[in-house]
Amino acid sequence: MSDPLTSEPWSPAEFEARLRKIGEERYHSRHPFHRLLHEGKLTQGQVQAWVLNRYYYQSRIPMKDAALMSQVEDPEFRREWIRRIHDHDGTEGGIDRWLILAEGVGLDPDYVRSTEGVLPATRFAVDAYVRFVRDKSLLEAVASSLTELFAPDLHKARIAALLENYAFANDQTLAYFRKRLTQAPRDVAFGLAFVQREARTREKQEAALAALRFKTDVLWAQLDALYFAYVEPGLVPPGAFVPKTE
């Protein structure tokens, strides 16, 4: 194994290819729970559990971005990055659109906002992501956001799959995903350019790759928790959301 302290940095093209390969191998679109969702094989209660738990992740994204911005001295960077907070936290932003989805699948938005029924593993994984961004270098924090490289394709597939397979799916309930089709490419273009520019050594490139792998682990862990609690073996932990009998 080569030593990142002494090895030459990869070319920009090779480095980007390695970032993208992480998505090909590890992005949560490959998880069995997602496959069941997109194939229309989840019950209403299982979809509700996914929406409820994913809300916890959505609600923490602005907190993650605020933690990242606390490291930034460059005002131009801050002006660019703060758009992410507005995209999620603003009036009729991503969080509001997610609550429309929650209501569409039959959940009480106030219950969803409370996060009372969120799985413990979801909470631990998402909170670990916020801490990671707060405590790691700015390069690693930005690199962890690059799962957005893979998000537009997933959102396109999800919109089509949900419209085909679920009665709750319509333009209103799927507005979150449609909006991300334009927001995510813009965000990732800025993030990828920053990571390419700042990761000038092999050591920094390796750190960026590790940060992106960590983020894919965070996303995968959330689906592991959902699968274990609501699919197989179906062991819902105390205090977590329990779907009504279907």
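Residues numbered from 1 in each chain as written. Predicted model: local features only at pLDDT ≥ 70, side-chain atom pairs only at ≥ 80, totals over all residues. Heavy atoms only, no water.

(A) View of helix 7 (residues 120-135). Taking 1.5 Å of rise per residue, 16 residues should cover 22 Å, and helix 7 covers 22 Å from first to last C-alpha, within 8% of that figure. Here the buried face of helix 7 lies against helix 3 (44-69), helix 8 (138-144) and helix 11 (202-230). (Helix = DSSP H or I, 4+ residues; strand = E, 2+ residues; numbered from the N terminus. Expected span 1.5 Å × (residues − 1). Contact = heavy atoms within 4.5 Å.)

(B) Structural view of the packing of helix 3 against helix 7. Packing of helix 3 against helix 7 brings their axes to within 9 Å, and their N-to-C directions diverge by 10°. Classified by the angle between their axes, helix 3 and helix 7 sit roughly parallel to one another. In this structure, helix 3 uses Asn-53, Tyr-56, Tyr-57, Arg-60, Ile-61, Lys-64, Ala-67 and Leu-68 to contact helix 7, whose residues at the interface are Thr-122, Arg-123, Val-126, Asp-127, Tyr-129, Val-130, Val-133 and Arg-134. The class makeup of the residues in the contact of helix 3 with helix 7 is 9 nonpolar, 2 polar and 5 charged. (Axes fitted to C-alpha atoms, helices over the stretch in contact; angles between N-to-C directions. Parallel < 35°, antiparallel > 145°, perpendicular 65-115°, else oblique. Nonpolar A, V, L, I, M, F, W, Y, C, P; charged D, E, K, R; others polar.)

(C) Looking closely at helix 1 (residues 12-26). For helix 1, with 15 residues, the first-to-last C-alpha span of 21 Å sits near the 21 Å given by 1.5 Å per residue. The set of residues buried in helix 1 consists of Phe-15, Leu-19, Ile-22 and Gly-23. End-on, the buried residues of helix 1 take up no more than an arc of 95°, which puts them together on one face. Exposed residues on helix 1 whose side chains face more than 90 degrees from its buried face are Ala-13 and Glu-24. Buried residues belonging to helix 1 abut helix 10 (175-198) and helix 11. (Buried < 20%, exposed > 50% of the residue type's maximum accessible area, 1.4 Å probe, protein only. Arc of directions from axis to C-beta.)

(D) Looking closely at the side chain of His-34. Tracing the chain through its elements places His-34 in helix 2 (residues 32-38). By relative accessible area, His-34 is classed as buried at 1%. Polar contacts involving the side chain of His-34 include one to the main-chain carbonyl oxygen of His-28, which spans 2.9 Å. The contact partners of His-34, leaving out residues within four places of it in the chain, are His-28, Ser-29, Trp-50, Leu-154, Arg-158 and Leu-223. (Polar contact = N/O pair within 3.5 Å; in protein donor to acceptor, adjacent residues only side chain to side chain.)

(E) Broad picture of the pattern of salt bridges. Going through the model one piece at a time under the given rule, you end up with 17 salt bridges. Here Asp-135 ties to Arg-134 by a salt bridge, and the two come within 2.9 Å at their closest N and O atoms. Members of the salt-bridge network, linked through shared partners, are Arg-84, Asp-87, Glu-148, Arg-180, Arg-186 and Asp-187. (Salt bridge = Lys/Arg side-chain N within 4 Å of Asp/Glu carboxyl O.)

(F) Representation of unusual backbone geometry. Pro-233 follows Glu-232 through a cis peptide bond whose omega is 10°. By the secondary structure assignment, Pro-233 is in the segment after helix 11. In this structure, Thr-115 is a non-glycine residue whose phi angle is positive, near 60°. Assessed through its relative accessible area of 10%, Thr-115 is described here as buried.

(G) Examining the environment of Phe-168 more closely. By the secondary structure assignment, Phe-168 is in the loop between helix 9 (151-165) and helix 10. A sequence separation of 83 residues divides Phe-168 from Ile-85, and the C-alpha atoms of the two residues are 28 Å apart. In this structure, Phe-168 is in contact with Val-47, Leu-101, Gly-104, Val-105, Leu-162 and Thr-173, ignoring residues within four places of it in sequence.

(H) Representation of the packing of helix 1 against helix 10. Put simply, helix 1 and helix 10 touch, their axes get as near as 11 Å, and they point 125° apart. Classed by the angle they form, the pair helix 1 and helix 10 counts as oblique. Both helix 1 and helix 10 take part in a crossing whose hand is right-handed. Where helix 1 abuts helix 10, its residues Pro-12, Phe-15, Glu-16 and Leu-19 lie against Leu-192, Val-195 and Gln-196. The residue inventory of the contact of helix 1 with helix 10, partitioned by class, reads 5 nonpolar, 1 polar and 1 charged. (Left-handed = near helix turned anticlockwise from the far one by under 90°.)

(I) Inspection of the nonpolar core at higher detail. Residues Phe-15, Leu-19, Leu-68, Phe-77, Val-142, Leu-146 and Val-195 are the most contacted members of the largest nonpolar core, which totals 41 residues. For this core, the elements supplying multiple residues, two or more each, are helix 1, helix 3, helix 4 (75-89), helix 7, helix 8, helix 9, helix 10 and helix 11. Sorting elements by how many residues they give to this core places helix 11 first, with 6 residues. Residues in contact with Phe-77, not counting those within four places in the same chain, are Leu-68, Val-72, Leu-138, Val-142, Phe-190 and Phe-194. Ala-49, Val-105, Ala-225 and Ala-240 belong to the second largest nonpolar core, which has 33 residues in total. (Core = buried A, V, L, I, M, F, W, Y, C linked by side-chain atoms within 4.5 Å.)

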